[in-house]
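Listed below are the residues making up each chain.
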Amino acid sequence: KAVVGGVAFGVSKRSAKAKGSPKSLSGYAGGKIPNPSYEAVCTGKTGHAEVVRVHYDNKILPYNDLLYIFMSLHDPTTLNRQGNDQGTQYRSIIMY
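Note that the coordinates shown come from a computational prediction; the quantities given were computed from them, not determined experimentally.

A. Region of the structure containing the pairing of strand β3 (residues 49–55). Along β3, 5 of the 7 residues are buried, which leaves the element largely enclosed by surrounding structure. Relative to β3, strand β2 (residues 23–29) runs antiparallel, the two sharing 7 bridges. Among the inter-strand pairings, S24 is bridged to a residue of β3, identified as V54.

B. Examining the environment of S72 more closely. On the secondary structure map, S72 appears in helix α3 (residues 63–73). Side-chain polar atoms of S72 contact the backbone oxygen of I69, separated by 2.7 Å.

C. Expanded view of the side chain of T46. Residue placement: T46 occurs in the loop between α2 (38–42) and β3. Given a relative accessible area of 7%, T46 falls into the buried group. Within the structure, the side chain of T46 is placed 2.8 Å from the side chain of H48, a separation counted as a polar contact. Filtering out sequence-adjacent residues up to four positions away, T46 remains in contact with G31, K32, I33, A40 and V41.

D. Representation of unusual backbone geometry within the structure. If you check the backbone angles, N35 has positive phi at about 50° while not being a glycine. Within the secondary structure, N35 is located in the loop between β2 and α2. Note on N35: relative accessible area 77%, which makes it exposed.

About the cut-offs
Residues numbered from 1 in each chain as written. Predicted model: local features only at pLDDT ≥ 70, side-chain atom pairs only at ≥ 80, totals over all residues. Heavy atoms only, no water. Buried < 20%, exposed > 50% of the residue type's maximum accessible area, 1.4 Å probe, protein only. Helix = DSSP H or I, 4+ residues; strand = E, 2+ residues; numbered from the N terminus. Pairing = 2+ DSSP bridges. Polar contact = N/O pair within 3.5 Å; in protein donor to acceptor, adjacent residues only side chain to side chain. Contact = heavy atoms within 4.5 Å.

Below, the structure written as C-alpha cells:
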C-alpha cells in the first residue's frame, strides 16, 4: 500500500487505470482529529491532507512507476495548491 496526496479525485481515477493497482480509497491523513468531515478539512484547522491509499501489486506495478503516475498528476512545487484547488489539504505528501 502507498498513500499519496494532493487532489484525491485525480490520483484515485488515474491509479485505478494502472495495471496492478485494482483498488484505491480517498480520504484524509496527517491531521489532529479522527474522521474529519470535508468541511472541517477545508477550514485548514485540522492539519489533514487529501490522500489516496493505493493498493498495488509491486510485481505488476513497481513503486517507481506508481510515483511516476503520481508526479504526472501532481505539482510538488506549488505550496498548498494543485491546479485551481488551494488550501493546506492539497499539499504534497507521500506516505509509504
